[in-house]
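Per-entry structural report
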Amino acid sequence: MMSDNKFNLPMIDDQHDSSCCKPEDNPAADYETAAEAGWVVGQTGTPVGPVYQISTPLVYKDLLDTVRARLGMGRMKLAVPPGLYAVGTPDRFSPVLVSANYKLSFDALRRELTGLNLWVLVLNTKGINVWCAAGKGTFGTDEVIRMVDAVQLEKVVAHRTLILPQLAAPGVSAHEVRRRCSFRVIFGPVRAADIPAFINAGNKADPVMRRIPFGLRERLVLTPVELTALIKPLAGLILLLFLLNTAVTLVNQSPARPAILLSRTFSDLMPFLVAALIGVFLVPALLPYIPGRSLAWKGFILGLVWALLHWHFASLQSGWLITSAHFLLLPAITAFLGMNFTGSTTYTSLSGVVREMKIALPVIITASGLGMITLITSYFV
Amino acid sequence: MKFRYLKNVVTLHLDQNKCSGCGLCLEVCPQQVFTLGHGVSTITDRDACLECGACARNCPQDAISVRPGVGCAYAVLMDMFNLKGKCCGDNCGCTLEDYK
C-alpha cells in the first residue's frame, strides 16, 4: 500500500515531469491507487500510454465516501489521484474537462457524464473542491498549465480547448493560460449536470447555467458538518448544568440521586439544545424568509422568537433570573450560528462578513457573558 | 431566487474607460453583477457581489479590481485568534491573506 509505485499512474510520464509524481506532491499519502478504487473500469490507449477509464455511474463505495465527507470524517483521504482519465471511448477530437481532485467534486462530475466520450483532467487541488481551491489558488492558472504539461495533453488531443468549471474562475485566468500554454480555457457551467447540454450547444452556457443554485437542498447539505461541530460545546454545557444541579443538591443538603440529577440536567439543557437546532436547521431553511440581510441578525430573530415561546409555554412559573438567562443566551446562540452560516452560503462577501461581525460579535460576547453569570446565579438564588 | 447580502459593502470597482466590452466578466460572475450595454460592462447589481474575484482575474484589460476573499465568519474568527489551521479541518480552502 505504501510503496512509491502507487503514485506512478500510467497517464503521467515520469521522465517527462517527475515532479508531479512525488508523494509529497500528492494530497494524501494513504489514498488508494486509482486501480484499487471502485470507479476505474478499464484502460484506454493514447500516444503517451494507457489512461484509466472511469465509470460514470456511482458505485456503493462512492456513497460511503460521500457520507464520510458530509460528516467531516477523513476528508483528506478522499482525494483522487491527479492525472488524465477517460470517460467512454474518447478520441483525439473529444472534449477535455478539467476537475478538482476532491472526491465529491470528481463524483459530481463523472456521474453526469454517462454516454459521453471525453477526457477528464484531474488537477492536484490538495483534495479541496473547485470553488474553495479556486479561492485559495490551488485550482489556479499555474496548476492548469502544469497538469496539461505533465500528462502531455498536446499529444493526446488534436484540439487546444480546455473546459473548466465556471467556479474555477476566481483562480484561473483564461487569458493568462492562453498566453502561457497552447491551450485556451472555456468556462463551462456551474453545475456538472449541465455539462452534456453545454457540450451539445457547442460549448455555450445559457444564463441559468451560470448561476450558483442555493435552494433548500444546498442550504441544508452542510448541516451534518455543523452538527458535529456542536457536539463539543453541547457536551461542555451538559457538564456545566450537571455540576450546577449537583452543587445545588449539596448546598440544600438534599439526597443526590443520579437519576434525578440527570433528568434535571437534561430538562435544563432543552432550551439550549433547541436553540442550537434552530441555528443549524431553521436559520438555513428559512433564510430567504427571515427579515434583514445580516445572517447574525436573522439568527438573532429566530432565537428571540424561541426565547419568547419558551418563556410563554414552559417557564412562566420559573424565576426571573433563569428567564433572563434564556433571553440573553438563546438569541446569542442562534445569532452566532447564523453568523457562522456565512461560511456555507454562496453569496456572502468577506467585506460584508467583517462588517456584520463588528456589530454582532461584541453583542454576542456580552450577551453570552451576562447570560452565563445570570444562569449560574439562578441556581443559587 | 437570488440572495443579496449587506448593502454597499463590497470592494468591487470597474474602470469603464479600460473596458473593451468582451463580456468575460458576465460569463464568469456567478451572481450576475454585470450587464453589457453600449459596448462596455456596467455593475448593475453591486450588492449581489460576493467578492470571489473571478471577474478581476479574468479581465484581459485589467479594468476590474476587487479584494477577493471568502465570506466565512468562522474563518475570520479563527484568523482573529491566529488559529487559521482550525477552519474546516486542516483542509480549509479559504484564505484571508488578502484581507487586512
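Scanning chain B from terminus to terminus reveals three helices and four strands. Going from N to C terminus, chain B has its helices and strands arranged as β-α-β-β-α-β-α. Burial status across chain B gives 50% buried among its 100 residues. Of the contacts formed within chain B by residues at least 6 apart in sequence, a portion of 50% connects residues at least 24 apart. Total accessible area computed for chain B in this model is approximately 5,000 Å², and 50% of it derives from carbon and sulfur atoms.

Taken residue by residue, the interface counts 48 residues in chain A and 44 residues in chain B. Across the interface of chain A and chain B, roughly 3,900 Å² is buried in total on both sides, 62% from carbon and sulfur atoms. When the area that chain A buries against chain B is broken down by residue, the three leading residues are Arg-293, Tyr-347 and Leu-350 of chain A, summing to 21%. Summed over the shared surface of chain A and chain B, the number is two salt bridges. One salt bridge in this structure joins Glu-27 of chain B and Arg-210 of chain A, with 3.9 Å as the shortest N-O distance. Counting the contacts that link chain A with chain B gives 18 residue pairs in polar contact (both at pLDDT 80 or more). For the side of chain A that touches chain B, the elements supplying multiple residues, two or more each, are helix H3 (130–136), helix H6 (174–180), helix H12 (320–340) and helix H13 (350–380) of chain A. Examining the composition of the side of chain A that touches chain B, we find that nine residues originate from one element, H13 of chain A, more than from any other.

Right, let's talk about the pairing of strand S4 (residues 96–99) of chain A for a bit. All names here are of chain A. Covered by surrounding structure in S4 are Val-96 and Val-98 together with Leu-97 and Ser-99, the residues of both alternating faces. Here S4 runs beside strand S5 (residues 118–122); their pairing, made up of four bridges, is parallel. Residue Ser-99 lies in a different strand from S5, and its bridge partner there is Val-122. Crossover S4 to S5 through helix H2 (residues 103–110) is right-handed.

Among the nonpolar cores identified, the biggest contains 64 residues, and Leu-287, Met-339, Met-357 and Leu-375 of chain A together with Leu-12, Phe-34 and Ile-64 of chain B are the most heavily contacted of them. If you list the elements that add at least two residues to this core, you get helix H9 (223–251), helix H10 (258–285), helix H11 (295–313), H12 and H13 of chain A together with helix H2 (54–58) and helix H3 (73–80) of chain B. By residue number, the principal contributor to this core is H13 of chain A, which donates 10 residues. Listed in part, the 42 residues of the second largest apolar core include Val-48, Leu-84 and Ala-168 of chain A together with Cys-52 of chain B.

Residue and element names in this part refer to chain A. On the basis of which strands lie adjacent, the open sheet formed by seven strands has the order S1-S2-S3-S5-S4-S6-S7 and mixed pairing. With one partner strand each, in any of the chains shown, strand S1 (40–44) and strand S7 (184–187) form the two edges of the open sheet. Along the sheet, successive strands turn relative to each other by an average axial angle of 35°, direction set aside.

Residues and elements named next belong to chain A. Here Lys-204 shows up in the loop between helix H7 (195–200) and helix H8 (216–220). Given a relative accessible area of 57%, Lys-204 falls into the exposed group. Taking C-alpha positions, Lys-204 is 9.3 Å from Ile-186, a pair spaced 18 residues apart along the chain. Residue contacts for Lys-204: discarding those within four places in its chain leaves Phe-198 and Met-209.

Turning our attention to the packing of aromatic side chains. Inspection of the entire model under this criterion finds 10 aromatic pairs over all chains. Each ring, one from Trp-39 of chain A and one from Phe-106 of chain A, has its centre 5.0 Å from the other, and the planes form 65°; the classification is edge-to-face. Here the residue Trp-39 of chain A occupies a position in the segment before S1, and Phe-106 of chain A occupies one in helix H2, the gap between them amounting to 67 residues. On the accessibility criterion, Trp-39 of chain A (5% relative accessible area) is buried. For Phe-106 of chain A, a relative accessible area of 1% corresponds to the buried category. Taken together, the ring pairs in this structure connect Phe-214, Phe-341 and Tyr-347 of chain A together with Phe-3 and Tyr-5 of chain B into an aromatic cluster.

Let us now look at the packing of H11 of chain A against H12 of chain A. Residues and elements named next belong to chain A. Taken N-terminus to C-terminus, the directions of H11 and H12 make an angle of 150°; their axes are 7 Å apart at the nearest point. With respect to H12, the element H11 is oriented roughly antiparallel. As H11 packs across H12, the resulting crossing turns out to be right-handed. For the pair H11 and H12, contact is made by Leu-295, Ala-296, Gly-299, Phe-300, Gly-303, Leu-304, Trp-306, Ala-307, Leu-308, His-310 and Trp-311 and by Thr-323, His-326, Phe-327, Leu-330, Pro-331, Thr-334, Ala-335, Gly-338 and Met-339, respectively. Across the contact of H11 with H12, the residue classes tally to 13 nonpolar, seven polar and no charged.

Averaged over chain A, the pLDDT score is 86; the fraction of residues at 70 or greater is 88%. Segment residues 1–32 of chain A is flagged for pLDDT under 50; beyond a separation of four residues in sequence, or across chains, it makes 75 contacts in the model.

Quick look at empty space enclosed by the protein now. A water-sized probe, rolled over the atoms, reveals where empty space remains. Residues and elements named next belong to chain B. Inspection of the entire model under this criterion finds five cavities of 30 Å³ or more. When grouped by side-chain class, the residues that make up the lining of the largest cavity number 12 nonpolar, two polar and one charged. Estimates place the volume of the second largest cavity at around 90 Å³. In terms of lining residues, the second largest cavity is bounded by 14 residues, among which Cys-19, Cys-22, Cys-25, Cys-59 and Ile-64 are the most central.

Residue and element names in this part refer to chain A. Scanning the entire structure with this criterion turns up 13 salt bridges over all chains. Note that Arg-110 and Asp-107 form a salt bridge whose closest N and O atoms lie 3.2 Å from each other. Placement of the pair is Arg-110 and Asp-107 together in helix H2, with a separation of three residues, close to one helical turn. Here Arg-180 and Asp-142 are joined by a salt bridge, their closest N and O atoms 2.9 Å apart. Of this pair, Arg-180 sits in helix H6 while Asp-142 sits in helix H4 (residues 141–150), placing them 38 residues apart in sequence. The exposure class assigned to Arg-180 is partly exposed, which follows from its relative accessible area of 38%. In this structure, a network of salt bridges that share partners links the residues Asp-62, Lys-103, Asp-107 and Arg-110.

Cut-offs and rules
Residues numbered from 1 in each chain as written. Chains lettered and ligands numbered in written order. Predicted model: local features only at pLDDT ≥ 70, side-chain atom pairs only at ≥ 80, totals over all residues. Heavy atoms only, no water. Helix = DSSP H or I, 4+ residues; strand = E, 2+ residues; numbered from the N terminus. Buried < 20%, exposed > 50% of the residue type's maximum accessible area, 1.4 Å probe, protein only. Contact = heavy atoms within 4.5 Å. Areas by Shrake-Rupley, 256 points an atom, 1.4 Å probe, with all protein chains shown as cover. Buried area = accessible area lost by both parts, 1.4 Å probe. Salt bridge = Lys/Arg side-chain N within 4 Å of Asp/Glu carboxyl O. Polar contact = N/O pair within 3.5 Å; in protein donor to acceptor, adjacent residues only side chain to side chain. Pairing = 2+ DSSP bridges. Right-handed = clockwise from strand over helix to strand, strands pointing away. Core = buried A, V, L, I, M, F, W, Y, C linked by side-chain atoms within 4.5 Å. Axes fitted to C-alpha atoms, helices over the stretch in contact; angles between N-to-C directions. Phe/Tyr/Trp six-rings, centres within 6.5 Å; stacked < 30°, edge-to-face > 60°. Parallel < 35°, antiparallel > 145°, perpendicular 65-115°, else oblique. Left-handed = near helix turned anticlockwise from the far one by under 90°. Nonpolar A, V, L, I, M, F, W, Y, C, P; charged D, E, K, R; others polar. pLDDT = per-residue confidence, 0-100. 1 Å grid on protein atoms, 1.4 Å probe; cavity = no way out; pocket = protein on both sides within 12 Å on 5 of 7 lines; lining within 4 Å. Points joined across faces, edges and corners; volume = space filled by probe spheres on them.

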